[in-house]
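Listed below are the residues making up each chain.
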Amino acid sequence: IVLATGFMAAMAGGYAFYVIFGPRGSGAADLPVDYLAVLMSIVFGCIWGLIIFNIDRFIVASTGKGDGTEAITFDEIKAAIPRIIMGIIIAFTISKPMELKMFSTEIGVELKSRQLDKEEEFIKQVNNKYNPRISERQDEIYEIQALLKESELLKQQAELNFTSELDESGGTGLRGYGPAAREKDTIRQQKRRDYLFLVKEYKPRVEELRLEIKDQKNERNEDLNKKRDISNDLNGLSERIDIVHEIVDWKLTLFITLLFMTIELTPIFFKMMLIKSPYDFMNDNLKALIQAEHGIEVQYDFYKDKDGLQ
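Owing to the predicted nature of the structure, the values given are computational and were not obtained by experimental measurement.

### Observations regarding the nonpolar core
- Among the nonpolar cores identified, the biggest contains 26 residues, and Ile94, Ile107, Phe260 and Ile268 are the most heavily contacted of them.
- Broken down by element, the residue count for this core peaks at seven residues, all from helix α3 (residues 74-102).
- Residue contacts for Ile94: discarding those within four places in its chain leaves Thr5, Met8, Ala9, Ala12, Ile52 and Phe260.
- Of all hydrophobic cores here, the second largest spans eight residues; its members include Ile144, Leu198, Val206 and Ile213.

See below:
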């Protein structure tokens, strides 16, 4: 039983270490196998299994046979409490990774949903940060373009008025470059100068605004990629345990924990139920003979403290 406990601890520890060292990404099932993480998980899983095996071996080996009868008395339970507590802790450390593996499919579905929710939350945060800046610059570009468009329309209208005055199609109806045509030519040139002035004045600003928009969009994309990586990394050991507690019936997880607890604590209670055999009496006699041959005598001296406690 002790060897089986160590083996299960190695398996559970190996899986837990692979979750810790393994690849991170969206979802849990379609991730590539990281062979370095596999190797590290095997090594650390074996070390963890050996640690649990030796602790468990010590707990069982140090548990005596009590009073030598089949009955488990209160004094035997009281003496075994530290070992029982240690066994319960070991059972918990083994059962949790096993639960993660048993419900890995359900965990993967819920994990993907949580990652998408977190990614959507990050996208809203990033858009709320950058979109107003981009919209502000785009609005300014639209205002400048509207101003230039209006000036261009005035220029085109002035050119049309001047042309129609020259060819008798409009205006006074007199052909040639007369006073009316001269006046409209002056207006045409003025509108043209106004338009060219606005183009010269605002074109650098439009280019500057477009560069700023481009920079803001690049920063937004970089920030989104970082946030997406963060949401994809949301598949660690703690998150999986939290999902198990949320989606799996607590009675089922309790049953699994109690099963491993039973396996872990069985040797302790078995030893308290064992009856002393001839071998045990011979072993006690042998130890007494060795003590006598080496002149060892054990004396139990009792003293009372100031409160009279012996």
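### Some details on the side chain of Thr5
- Within the fold, Thr5 resides in helix α1 (residues 2-21).
- Given the relative accessible area of 1%, Thr5 is considered buried.
- Those residues within four positions of Thr5 in sequence are excluded, and the remaining contacts are Ile52, Asp56, Ile94, Ile263 and Glu264.

### What to know about the packing of aromatic side chains
- Applying the stated rule across the entire model yields three aromatic pairs.
- Look at Phe17 and Phe21: their rings are 6.1 Å apart centre to centre, the planes differ by 10°, and that puts the pair in the stacked class. In this pair, Phe17 and Phe21 both sit in helix α1, four residues apart, roughly one turn of the helix.
- A relative accessible area of 21% means that Phe17 is categorised as partly exposed.
- The class of Phe21 is partly exposed, set by a relative accessible area of 32%.
- The ring of Tyr130 carries the charged tip of Arg133 above its face, separated from the ring centre by 5.3 Å.
- Sitting over the ring of Phe122, Lys227 keeps its end group 5.2 Å from the ring centre.

### Some details on the pattern of salt bridges
- Scanning all chains against the criterion turns up eleven salt bridges.
- A salt bridge links Arg205 to Glu140; its shortest N-O distance comes to 2.9 Å. Of this pair, Arg205 sits in helix α5 (residues 179-232) while Glu140 sits in helix α4 (residues 104-166), placing them 65 residues apart in sequence.
- Taking the relative accessible area as the measure of exposure, Glu140 reaches 27% and is therefore partly exposed.
- A salt bridge links Arg210 to Glu207; the nearest nitrogen and oxygen atoms lie 3.7 Å apart. Remark: Glu207 and Arg210 occur in helix α5; sequence separation between them is three residues, near one turn of the helix.
- Each member of the salt-bridge network shares a partner with another, and the members are Glu110, Arg114, Asp242 and Glu246.

### What about helix α2 (residues 35-62)?
- Taking 1.5 Å of rise per residue, the 28 residues of α2 would be expected to cover 40 Å, and the 40 Å separating its terminal C-alpha atoms lies within 8% of that figure.
- Within the span of α2, buried status applies to Ala37, Ser41, Gly45, Gly49, Ile52, Asp56, Ile59 and Val60.
- Contact partners of the buried residues in α2: α1, α3 and α7 (250-273).

### Focus: the side chain of Ser95
- Mapped onto the fold, Ser95 is located in helix α3.
- Residue classification places Ser95 among the buried positions, given a relative accessible area of 0%.
- A distance of 3.2 Å separates the side chain of Ser95 from the backbone oxygen of Phe92, its partner in a polar contact.
- Setting aside anything within four residues of it in sequence, one finds Ser95 in contact with Ile256, Thr257 and Phe260.

Calculation rules
- Residues numbered from 1 in each chain as written.
- Predicted model: local features only at pLDDT ≥ 70, side-chain atom pairs only at ≥ 80, totals over all residues.
- Heavy atoms only, no water.
- Core = buried A, V, L, I, M, F, W, Y, C linked by side-chain atoms within 4.5 Å.
- Buried < 20%, exposed > 50% of the residue type's maximum accessible area, 1.4 Å probe, protein only.
- Helix = DSSP H or I, 4+ residues; strand = E, 2+ residues; numbered from the N terminus.
- Contact = heavy atoms within 4.5 Å.
- Phe/Tyr/Trp six-rings, centres within 6.5 Å; stacked < 30°, edge-to-face > 60°.
- Lys NZ or Arg CZ within 6 Å of the ring centre and 35° of its normal.
- Salt bridge = Lys/Arg side-chain N within 4 Å of Asp/Glu carboxyl O.
- Expected span 1.5 Å × (residues − 1).
- Polar contact = N/O pair within 3.5 Å; in protein donor to acceptor, adjacent residues only side chain to side chain.

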